[in-house]
Amino acid sequence: MKLARLTAGGTDTLAFLFDDGYIDLVAEGLVETDDPVALLDAGVDFADLGGKTRGCQRRAISEATFAMPIAWPRRILCLGLNYSAHVGESGFKAQTVPTLFTRTATSFVPHGVPLEMPSVSTHMDFEAELGVVIGRSFRGATAKQALACVAGYTCVNDGSVRDFQHATLQWT
């Protein structure tokens, strides 16, 4: 199942995507908000919603543009130096503990919107990343328990201003 936030007719909405278009879950009255975090907090099961879309209008994807998957995420935690070839090319050493850093929601753009290199930079790079959307809180969970807290996945194009990144140890 592909869930996406879209902008259609000047309004943000939540939709199921299909090869031949999308179903606007808000317009169809299946959900009350385009905010997937609020819906997860309310206990909405998106898999169950899929069974309620029979007879719903499929709209052409050309009628909409993609919005950010989550408009204002509570936290964006990133894992760095997790790909050995990239560790080597970056000049860093392999780490024995995870290298975590944060990003802000405003540092991302929706699908189809170009990344812009800051005018003060001369070296912007990009990396394809897998974004994991955590659907509920957990602490001290086993790997299996933690995986059960995953609400979904999203593709991320991570733009990095390398000349700034290599000038300091702080990546955010």
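Just above sits the structure.
Residues numbered from 1 in each chain as written. Predicted model: local features only at pLDDT ≥ 70, side-chain atom pairs only at ≥ 80, totals over all residues. Heavy atoms only, no water.

A.B. asks: Even after reading the chapter, I still don't get the packing of aromatic side chains, so can you show me in this structure?
C.D. replies: The relation between two aromatic rings is expressed through the spacing of the ring centres and the mutual angle of the planes. Per the stated rule, a full pass over the model turns up 0 aromatic pairs. Over the ring of F18 we find R58; its NZ or CZ atom is 3.8 Å from the centre of that ring. (Phe/Tyr/Trp six-rings, centres within 6.5 Å; stacked < 30°, edge-to-face > 60°. Lys NZ or Arg CZ within 6 Å of the ring centre and 35° of its normal.)

A.B. asks: Where do I start with the side chain of D158 in this structure?
C.D. replies: One can find D158 in strand β8 (residues 150-161). A relative accessible area of 9% means that D158 is categorised as buried. For D158, the side chain forms a polar contact with the side chain of R103, separated by 2.3 Å. Excluding its chain neighbours within four sequence positions, the residues that come into contact with D158 are R103, D125, F126, E127 and E129. (Helix = DSSP H or I, 4+ residues; strand = E, 2+ residues; numbered from the N terminus. Buried < 20%, exposed > 50% of the residue type's maximum accessible area, 1.4 Å probe, protein only. Polar contact = N/O pair within 3.5 Å; in protein donor to acceptor, adjacent residues only side chain to side chain. Contact = heavy atoms within 4.5 Å.)

A.B. asks: Where do I start with unusual backbone geometry in this structure?
C.D. replies: Most of the time, phi is negative for any residue but glycine, and the peptide bond is trans. Unlike most non-glycine residues, L81 shows phi in positive territory, near 55°. Structurally, the position occupied by L81 is in the loop between β5 (77-80) and α3 (84-90).

A.B. asks: Got a minute to help me understand the sheet that holds strand β4 (residues 64-66) in this structure?
C.D. replies: Each strand in a sheet pairs with its neighbour through backbone hydrogen bonds, running either in the same direction (parallel) or in the opposite one (antiparallel). What the 4 strands build is an open sheet, ordered β3-β2-β1-β4; its pairing is antiparallel. Strand pairing shows two members of the sheet lacking a second neighbour, β3 (21-24) and β4, which therefore form its edges. The mean angle between the axes of side-by-side strands here comes to 50°, regardless of whether they run parallel or antiparallel. Two elements, strand β1 (residues 2-8) and β4, share 3 bridges in a ladder whose sense is antiparallel. Paired with T7 across the bridge in β4 is T65. (Pairing = 2+ DSSP bridges. Axes fitted to C-alpha atoms, helices over the stretch in contact; angles between N-to-C directions.)

A.B. asks: Even after reading the chapter, I still don't get the pattern of salt bridges, so can you show me in this structure?
C.D. replies: Where charged atoms from two side chains of opposite charge come close, those side chains can pair. Enumeration according to the criterion identifies 7 salt bridges in this entry. Two residues, R5 and D34, come together in a salt bridge whose shortest N-O distance is 2.8 Å. Taken together, the positions of R5 in strand β1 and D34 in the loop between β3 and α1 (36-41) put the pair 29 residues apart, joining distant regions of the chain. Each member of the pair, R5 as well as D34, is classed as buried. For E127, the salt bridge is made with R162, and the minimal N-O distance between the two is 2.7 Å. In this pair, E127 is assigned in strand β7 (residues 124-134) and R162 in helix α5 (residues 162-165), connecting sequence segments 35 residues apart. Linked through salt bridges whose partners overlap, the residues forming this network are R5, D12 and D34. (Salt bridge = Lys/Arg side-chain N within 4 Å of Asp/Glu carboxyl O.)

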